[in-house]
Amino acid sequence: GDSVTQMEGPVTLSEEAFLTINCTYTATGYPSLFWYVQYPGEGLQLLLKATKADDKGSNKGFEATYRKETTSFHLEKGSVQVSDSAVYFCALVYSSASKIIFGSGTRLSIRP
Amino acid sequence: KAGVTQTPRYLIKTRGQQVTLSCSPISGHRSVSWYQQTPGQGLQFLFEYFSETQRNKGNFPGRFSGRQFSNSRSEMNVSTLELGDSALYLCASSLDGGTGENEQFFGPGTRLTVL
């Protein structure tokens, strides 16, 4: 079946460090891929998305490229800030269904 | 435009009781989905309602049910509560299902604790 695998957390970085959170997926079709972020005590917010292979999603300095050949959608940011501390979820969804399949989440902590 | 609202934000129940959670979607959104978030199982899809009909369903027992009203507001009900039902229940709304083109917007969740 379809699934999403994320790197284990927590990830702790210093401010201004480079961030990569790995995400790979298994899919029987051609899903759209998402990154969601969850700040403490809040629901999920869509961070970025890509709807087809080779698309790059970007938002707030974060980027991820839909790589069909490696079935990956790694999240990157060149210089993280303390305010980026949150839990990040990689996810996939098909255009024919509204069910989102989430990865397990990666907790990110940024030290000042 | 107001976001997705969920009530109540926190609930404490005891085993065997039942509970009803409410979700008001963004105005104009017709699809409402429910997710359960636990430390052990992560985020899992419960069900989706569109135009008062359940359109998709996850792998949860029949104790979990839901409904949607004509104004798109949705409720989910859990009967005969078990300790393992303790979780954050998230509701998400979208125009017409959370496909790749139609983003799902999430509410803040209802934190259910079963004692």
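Fair warning: this is a prediction, and the values are worked out from it, not measured in the lab.

A.B. asks: Tell me what's going on with the overall build of chain B, and back it up with residues and numbers.
C.D. replies: The helix and strand inventory of chain B stands at zero helices and 11 strands. When the helices and strands of chain B are listed from N to C terminus, the series reads β-β-β-β-β-β-β-β-β-β-β. For 115 residues, the compact-globule estimate of 2.2 N^0.38 gives 13 Å, and chain B sits close to it at 13 Å. Expressed along its principal axes, the backbone C-alpha trace of chain B runs to roughly 40 × 25 × 25 Å. Out of the 115 residues belonging to chain B, those deemed buried represent 50%. Partitioning the contacts of chain B with sequence separation of at least 6, the portion at a separation of at least 24 is 55%. Total accessible area on chain B stands at roughly 5,300 Å², and carbon and sulfur atoms take up 48% of it. Positive and negative side-chain charges in chain B, numbering 11 and 8 respectively, have mean positions lying 8 Å apart.

A.B. asks: Can you lay out the state of the cysteines for me, pointing to particular residues and giving the numbers?
C.D. replies: Residues and elements named next belong to chain A. Scanning all chains against the criterion turns up two disulfides over all chains. Across a sulfur-sulfur distance of 1.9 Å, Cys-23 and Cys-90 are joined as a disulfide pair. Taking the torsion about the sulfur-sulfur bond, which here is approximately -70°, the covalent link between Cys-23 and Cys-90 counts as left-handed. Placement of Cys-23 in strand β4 (residues 23–26) and of Cys-90 in strand β10 (residues 86–93) is noted, with a sequence separation of 67 residues between them.

A.B. asks: Can you tell me about the interface of chain A and chain B, naming the residues and giving the values?
C.D. replies: Residue-level contacts link 20 residues of chain A with 20 residues of chain B. For chain A, the biggest contributors to the area lost against chain B are Leu-44, Ser-98 and Phe-102 of chain A; these three give 31% of the whole. Linking chain A to chain B there are zero salt bridges. Connecting chain A to chain B are two residue pairs in polar contact (both at pLDDT 80 or more). Of all the secondary-structure elements, those providing two or more residues to the side of chain A that touches chain B are β5 (32–38), β6 (44–50) and β10 of chain A. For the side of chain A that touches chain B, the element with the most residues is β5 of chain A, which contributes four residues. Among the residues making up the side of chain A that touches chain B, the classes are represented as 10 nonpolar, seven polar and three charged.

A.B. asks: Report on the side chain of Gln-6 of chain B, specifying residues and quantitative values.
C.D. replies: Residues and elements named next belong to chain B. Examined against the element boundaries, Gln-6 turns out to sit in strand β1 (residues 5–7). Within the structure, Gln-6 has its side chain in polar contact with the backbone nitrogen of Cys-91 (distance 3.1 Å). Looking at Gln-6, its side chain comes within polar contact range of the main-chain nitrogen of Gly-109, at 2.9 Å. Setting aside residues no more than four positions away along its own chain, Gln-6 makes contact with Ser-22, Cys-23, Trp-34, Tyr-89, Leu-90, Cys-91, Gly-107, Pro-108, Gly-109 and Thr-110.

A.B. asks: I'd like to hear about the sheet that holds strand β9 (residues 75–77) of chain A, residue by residue, with values.
C.D. replies: Residues and elements named next belong to chain A. The strand order β3-β9-β8-β7 describes an open sheet built from four strands, whose pairing is antiparallel. At either end of the open sheet lies a strand with only one pairing partner, and these are β3 (19–21) and β7 (56–59). Going across the sheet, the axis of each strand differs from the next one's by a mean of 15°, ignoring polarity. Across three bridges, β3 lies against β9 in antiparallel orientation. Counted as the bridge partner of Thr-20 is Glu-76 from β9.

A.B. asks: Explain unusual backbone geometry to me, and be specific about the residues and the numbers.
C.D. replies: Here the bond from Gly-9 of chain A into Pro-10 of chain A is cis, since omega is -5°, no more than 30 degrees from zero. Tracing the backbone through its elements, the reader meets Pro-10 of chain A in the loop between β1 (3–6) and β2 (11–14). Note the cis peptide between Thr-7 of chain B and Pro-8 of chain B, where omega equals -10°. Following the sequence through the fold, Pro-8 of chain B ends up in the loop between β1 and β2 (10–13). Positive phi is not limited to glycine here, since Glu-52 of chain B has a value of about 70°. Assignment of secondary structure puts Glu-52 of chain B in the loop between β5 (42–50) and β6 (53–57). Exposure remark for Glu-52 of chain B: the relative accessible area of 47% places this residue in the partly exposed category.

Here is what the cut-offs are and how they apply
Residues numbered from 1 in each chain as written. Chains lettered and ligands numbered in written order. Predicted model: local features only at pLDDT ≥ 70, side-chain atom pairs only at ≥ 80, totals over all residues. Heavy atoms only, no water. Helix = DSSP H or I, 4+ residues; strand = E, 2+ residues; numbered from the N terminus. Rg over C-alpha atoms; globule rule 2.2 N^0.38 Å. Buried < 20%, exposed > 50% of the residue type's maximum accessible area, 1.4 Å probe, protein only. Contact = heavy atoms within 4.5 Å. Areas by Shrake-Rupley, 256 points an atom, 1.4 Å probe, with all protein chains shown as cover. Lys, Arg positive; Asp, Glu negative; His and termini not counted. Charge placed at Lys NZ, Arg CZ, Asp CG, Glu CD. Disulfide = S-S within 2.5 Å. Buried area = accessible area lost by both parts, 1.4 Å probe. Salt bridge = Lys/Arg side-chain N within 4 Å of Asp/Glu carboxyl O. Polar contact = N/O pair within 3.5 Å; in protein donor to acceptor, adjacent residues only side chain to side chain. Nonpolar A, V, L, I, M, F, W, Y, C, P; charged D, E, K, R; others polar. Pairing = 2+ DSSP bridges. Axes fitted to C-alpha atoms, helices over the stretch in contact; angles between N-to-C directions.

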